[in-house]
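Here are the chains, one letter per residue:
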Amino acid sequence: MTAPEYLLEAIDIVKVFGTLRANDGVTLQVAPGQIHALLGENGAGKSTLVKMLYGSLQPTSGTIKWMGNEIVIPNPNAARKLGIGMVFQHFSLFEALTVVENIALAMPGKFDLEALSKKVEFYSGEYGLPLNPRATVADLSVGERQRIEILRCLMQEPKLLILDEPTAVLTPQEAGLLFLTLRLLASEGCSVLYISHRLEEVKRLCHWATILRHGKVVASCDPREETAASLARLMVGGDIHTVRAAKAPRDGAVRFSLKNASLEADGPFAVELKNINLEVRGGEVIAIAGVAGNGQSELFDAISGERPLSNGNAILIDGASCGATGVIARRRMGAAFVPEERLGHGAVPVFPLSENVVLTRHSDDASLAEKGLLKRGKANSISARVIKTYDVRMGKADPEARSLSGGNLQKFVVGRELDRQPKVLVVNQPTWGVDAGAAATIRQALIDLARAGSAVIVISQDLDEIFELADRIAVISRGQLSEAHPAHEMTAEKIGLMMAGSHEKETPHAAHS
Amino acid sequence: MDQSLAVLLTIITAATPLLIAAMGELVVERSGVLNLGVEGMMVMGAVAGFAVAFVTGSTLLGVFAAIFAGVAMSALFGFLTLTLVANQVAAGLALTLLGLGLSGLIGESFVGQPGVKMPTLFGIDALVPFSFLLTAGVAYVLFKTKIGLVIRAVGNSHNSAHALGYRVIALRYLSVMFGGACAGLAGGYLSLAYTPQWIENMTAGRGWIALALVVFASWRPLRTLVGAYLFGAVSILGFVVQSMGLGIPSQFLSALPYLVTVIALVIISGNKRLTQANTPACLAQSFVPDR
Amino acid sequence: MRLILEKRPDRSPFFAIASPFLALLLTLIAGGLIFALRGINPLEGLYVYFVEPLTQLWSVEQLIVKATPLILIGVGLAVCYMANVWNIGAEGQLTMGAIAGSIAPVMFPEWQDPSILVVMLIMGTIGGALYGAIPGLLKTRFNANEILTSLMLVYVAGLFLDWLVRGPWRDPQGYNFPVTKTFAGWQLLPTFGGTIHLGALFALLACAALAFVMARTLIGFEIKVTGNAPRAGRFAGFSRNRMVMLCFLLSGGLAGLAGICEVASVVGKLQPQISPGYGFAAIIVAFLGRLNPLGVLFAGLLLALSYIGGEAAQVTLGISDKIAKVFQGILLFFILSCDTLILYRIKFETGRVGALKAAE
């Protein structure tokens, strides 16, 4: 009997959520020992498809075959029994528990933490994923947490390992280590299904690629034989609007500065900010690169005024000190802010867009809230203007914020601030989880704002985005900010090293390199 | 009898219902659910226990009735919050109000009737050693067994637990009903051992104190034991001081347990480090799985 | 066969309005069942309980009198709960308000002119507000759970009142009953036709004022944001601590006002029991009224009906008036259940598909 050609086949898979066809007749075939990329932009249906392969969701229709036999995967336990392991983009970890406890929860069989700890140490050494079994997850960095996820899968000797956007949270060096681990697995016969929208990585790592767009398969090819541009065109279905940026003016006045800004950690799991220095001139875009968990949210809160500093002079807007004032005062001075989380922080999910306008504009726009009375007419007209200018697509007039797609809501939240023509704009993760079209709109808008004379600060984990937008780049690591260097002097390698700081030592990869 | 022995026994009997109820709620909260209806479940346990014991003459049947009443009430709460995803705070209040009202109605014909007292061993009620066993049992299961680990995991991140394939809702139902059983039992203890009678609203806020105890103990079983006995000591203090004839009004002494609860909460909650690190992260958050 | 919730894309406007009515209907059905179990014809029981009290003027007046404190407290609690501030101690704030408002007539029983009434009302409101400020402060300063602290203080307030009326404030000519001197003349609220007192006007004004504040002002917006998305509230520059204190002062003050109004009318003096649990019933009023000041107006009347009906049922049907509390508890249960329908559709799934999906 000949070995089956494919390890896993998903044939004509359809998944419907209400009126949304997340997957529309998708066929995917993964061979044994193959590193197979699943490419597509945000919202293409990649996560939905793999959740069905892992048993977290059930297909509305379609067939799944494993090693030639048609099967049903009712839940993750069944998937694990088959030999499918999954590393989610949003980790399924328990922060209050230890590494070994987290792994124990994902493993069937007898409950013996001592024996398991030893096993963890063994696998961790074998596959180059250093971890202390007794550490509490809450104390670990994002890269270390991902290692737990991967180890958790590896210890069950999977035949197929699925990874959902794994390098989104890694430094370039950490990503390189991950690739070594994955190549090792593939050489041992384990297939890898690698979900990503990062084309350079896919070209570097993967043997085959299936490309999804709007829930359908649009292409199936060998990424090593394509260019990044051709892959991008397939992913998006046309040429992406490339961001146009005129050269940044050299001599704009300093509009925003941080001088020795420090802020204590406000909880056992927060990051302390130490002596942050930054100067941003009018007309330029400064990017702050960093992997999640290094103080970005703390920095954003310090700059926005949600957490005032003790030293008022540590933050200056157009020369005026505002370090000790609150959010409203800083907005009145001409600053605007867009936080990382659009639902729950940037906007109230259950409020309609017109009320979400009031959220950040009530204090600077006198006619929105005169003498404490709300002017709904004014709020509606601002909302309409933002929706029109930034092409926000909605299901009905004045919808609740949470019914918008990620990209459209982000356009609204950014547009709401840009509409005020702020002198200083600070954005945290401007295009996280946003489709390519909306992302391009947002990035262009940020550059346009800067060229019109404002100072723009972008905090981002996405190096591609940073290189597209930034005139100068600084790196945040463990609550400290590096100097900002001109973008053309920086490379991904350099940034990666600065992200890691001097504390991380790369473990020599186990014997197989 | 020796005065100090009498005081000790009174402390134990005051602490026992608090300990039992708190232990149940501790498990519930560890799984991520906040059941504020402890007072309602307790008082229903008290009236059910009393009624059945009175009618049948058997305190054992009374105890089972008390447990059953607690479980039934908590199942109702579970349906409301786990299946219908109602706001847990409001649902807990609803449970308390319903329990107080229903118990008043049911107990009306039992007011003033003589009670049946639980058997004792060397002057200690049978449920007292049980309460110690319960504490040890909960501590063991939570920290040394897989099911206990799963409960703690569900309370820390129900989404992660769901992603791993654990049946979050089923587990929470079990925890909630365990909590109900304990609360009902604690109530039964009140009407069958502490003051073998039925008086309307006889729990007098003990259910709420049990809730405070869980917070005070940072969700740890042994600390709950200590806390329960501290509270027992405080409530007995009233009687001791009265018998010393110091002229302090009895109402102030009766108010002591409530005031001490407030103070204890303030002390513990004010310590951010302690609360942030120990509170089950998903406490009181609703969970609806993706389909 | 499993009950499954499917999230609606938008809040259902139909159920936002229909839900309280559905809850009422279900409560009536449950009530009918209880009557049947007691051997009473359900329809007759429901008629005596809910309809008959509305047919006679004197009982309608009683309805308004009972609704007054329920609405006054309920509307304050509605605002609180909108902000996600859980004041459960309204009963204690009512008690302290009654005590504070009674200081003047107890200390100066001869004081008989309109100014004493004004003083009583102001002090009652302040007393309730200050007592409510305690759990507020404990929450903002120490992050102490306000549900537990405000509730503990209810017991403390009750015991304090008990001590006052049995001790220092006991009427020496009162035949040893634990009551103060009866209030008289200007120490009592003026009434319209003998029973409905000025408190009803306060209740109406409170509803109107808070309805305006919640719908049209920035403060109302702040309250809604803080309750719905606290992080967004901070982002907007709103201070959560300020909101917590404001809500406690407001609801405490209204509860205190309700307390002194009760004492200065229906009760006429201070005694150990001045309220049949209005502070707790007001919680149900707030939810039944969907946390909306105008809704609270109707919800308060409805809950007052449940009290009156209980008394009527006791007289006419021989069933204990404690059934009122049971009705109220059941009503809250159904309100919460039916509210689910606003955000979710309920589906029943059977068979293999159901079992598969159930494993999700």
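Residues numbered from 1 in each chain as written. Chains lettered and ligands numbered in written order. Predicted model: local features only at pLDDT ≥ 70, side-chain atom pairs only at ≥ 80, totals over all residues.

Soluble globular proteins tend to bury their nonpolar side chains together. The biggest cluster of nonpolar side chains holds 379 residues, and the ones touching the most others in it are I162 and L446 of chain A, L213 of chain B together with I73, V79 and A282 of chain C. In terms of residue count, helix 8 (residues 168–194) of chain B provides more of this core than any other element does, 16 residues in total. In contact with I73 of chain C, not counting residues within four places along its chain, are A90, L94, L254, A255, A258, Y278, G279 and A282 of chain C. (Core = buried A, V, L, I, M, F, W, Y, C linked by C-beta atoms within 7 Å. Buried ≥ 20, exposed ≤ 12 C-beta atoms within 10 Å, placed from the backbone. Helix = DSSP H or I, 4+ residues; strand = E, 2+ residues; numbered from the N terminus. Contact = placed C-beta atoms within 7 Å.)

At the junction of the two partners, chain B supplies 40 residues and chain C supplies 42 residues. The set of elements that each furnish at least two residues to the side of chain B that touches chain C consists of helix 3 (59–83), helix 4 (88–107), helix 9 (206–216) and helix 11 (250–270) of chain B. A per-element tally of the side of chain B that touches chain C places helix 4 of chain B first, with 12 residues. Of the residues in the side of chain B that touches chain C, the class split is 28 nonpolar, 10 polar and two charged. (Nonpolar A, V, L, I, M, F, W, Y, C, P; charged D, E, K, R; others polar.)

Below, the discussion takes up unusual backbone geometry. Residue and element names in this part refer to chain A. For D398, which is not glycine, the phi torsion reads 45° and is therefore positive. Considering the arrangement of structural elements, one finds D398 in the loop between helix 12 (376–389) and helix 13 (406–418). The partly exposed category is assigned to D398, around which 14 C-beta atoms lie within 10 Å.

Below, the discussion takes up the interface of chain A and chain B. The interface is formed by 19 residues belonging to chain A together with 18 residues belonging to chain B. Every element with two or more residues in the side of chain A that touches chain B is listed here: helix 2 (76–82) and helix 3 (99–106) of chain A.

Take the environment of F160 of chain C next. In this fold, F160 of chain C is placed in helix 6 (residues 146–166). On a C-alpha basis, the gap between F160 of chain C and I134 of chain C in space is 16 Å, while along the polypeptide they are 26 residues apart.

With that out of the way, let us pick up helix 10 (residues 221–243) of chain B. Residue and element names in this part refer to chain B. Its 23 residues give helix 10 an end-to-end C-alpha distance of 34 Å, which sits within 8% of 33 Å, the value for a rise of 1.5 Å per residue. Of all bends in helix 10, the biggest is about 30°, found at I236. Taken together, the buried positions of helix 10 are occupied by P221, T224, L225, G227, A228, F231, G232, S235 and I236. Where helix 10 is buried, its residues contact helix 1 (3–30), helix 5 (127–144), helix 9 and helix 11. Count one or two residues on from helix 10 and you reach G245, which has phi positive near 65°. (Expected span 1.5 Å × (residues − 1). Bend = angle between axes of the 7 residues up to and from the residue.)

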